[in-house]
Amino acid sequence: MSKTIDITDKLSFEGNPKLIVRDIEIEVNTDAPTVLKFMKLINDEESSESSTMLKTYELLFSKENREKIESLNLDFSDFMIVVKSAMSFINGNSGKEGEE
């Protein structure tokens, strides 16, 4: 008979983190397959920075959340802050609420 080990208590089921911009909650995809694709993308030396940012944006935000971001009409600099903030969740550099 095969051995079975329950690891449920070792796992975190907290869900995806969220960014808040102008009282709009924007969920960041941080599931394992997305993070692995993101890591491959940022390590791909053939991608240009703009291409990498666009692909990162599409990976980290669902269509619904991208529509929320686009409705904010952010300038490029502010848009980059949103994307980089989402990236910080994956890189483990996200600060506590209110910190920069």
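Residues numbered from 1 in each chain as written. Predicted model: local features only at pLDDT ≥ 70, side-chain atom pairs only at ≥ 80, totals over all residues. Heavy atoms only, no water.

Colleague: Which residues make up the nonpolar core, and what are the values?
Modeller: Formed by 19 residues in total, the largest nonpolar core has its most connected members in Leu60, Phe61 and Ile69. Sorting the residues of this core by element identifies β1 (18–21), α1 (32–43), α2 (49–60) and α4 (76–91) as the ones contributing at least two each. Counting residues per element, this core draws most heavily on α4, at seven residues. Apart from residues lying up to four places away in sequence, Phe61 is in contact with Leu19, Ile26, Glu27, Val28, Asn29, Arg66, Ile69, Val82 and Ala86. (Core = buried A, V, L, I, M, F, W, Y, C linked by side-chain atoms within 4.5 Å. Buried < 20%, exposed > 50% of the residue type's maximum accessible area, 1.4 Å probe, protein only. Helix = DSSP H or I, 4+ residues; strand = E, 2+ residues; numbered from the N terminus. Contact = heavy atoms within 4.5 Å.)

Colleague: Mind laying out the packing of aromatic side chains, listing which residues take part and the relevant values?
Modeller: The description of two aromatic rings rests on the distance between their centres and on the angle between their planes. All told, the structure shown has three aromatic pairs when counted by the stated rule. Seen from their ring centres, Tyr57 and Phe61 are 5.8 Å apart, and the 55° between their planes marks the pair as tilted. Exposure remark for Tyr57: the relative accessible area of 5% places this residue in the buried category. Using a relative accessible area of 0% as the deciding quantity, one classes Phe61 as buried. Where Tyr57 meets Phe79, the ring centres are 4.9 Å apart and the plane angle is 70°; that geometry is what we call edge-to-face. (Phe/Tyr/Trp six-rings, centres within 6.5 Å; stacked < 30°, edge-to-face > 60°.)

Colleague: Describe α2, listing the residues and the values that go with them.
Modeller: With 12 residues, α2 should reach 16 Å at 1.5 Å per residue; the first-to-last C-alpha distance of 16 Å fits that figure. Of the residues making up α2, those classed as buried are Thr52, Met53, Thr56, Tyr57 and Leu60. The buried residues of α2 occupy an angular sector of 135° when the element is viewed end-on, so they sit on one face. (Expected span 1.5 Å × (residues − 1). Arc of directions from axis to C-beta.)

Colleague: Help me get a handle on the pattern of salt bridges, residues and values and all.
Modeller: Tallied over the full model, the rule gives one salt bridge. Where Glu25 meets Lys18, a salt bridge forms, and the shortest distance between an N and an O atom there is 3.6 Å. For Lys18, a relative accessible area of 45% puts it in the partly exposed group. (Salt bridge = Lys/Arg side-chain N within 4 Å of Asp/Glu carboxyl O.)

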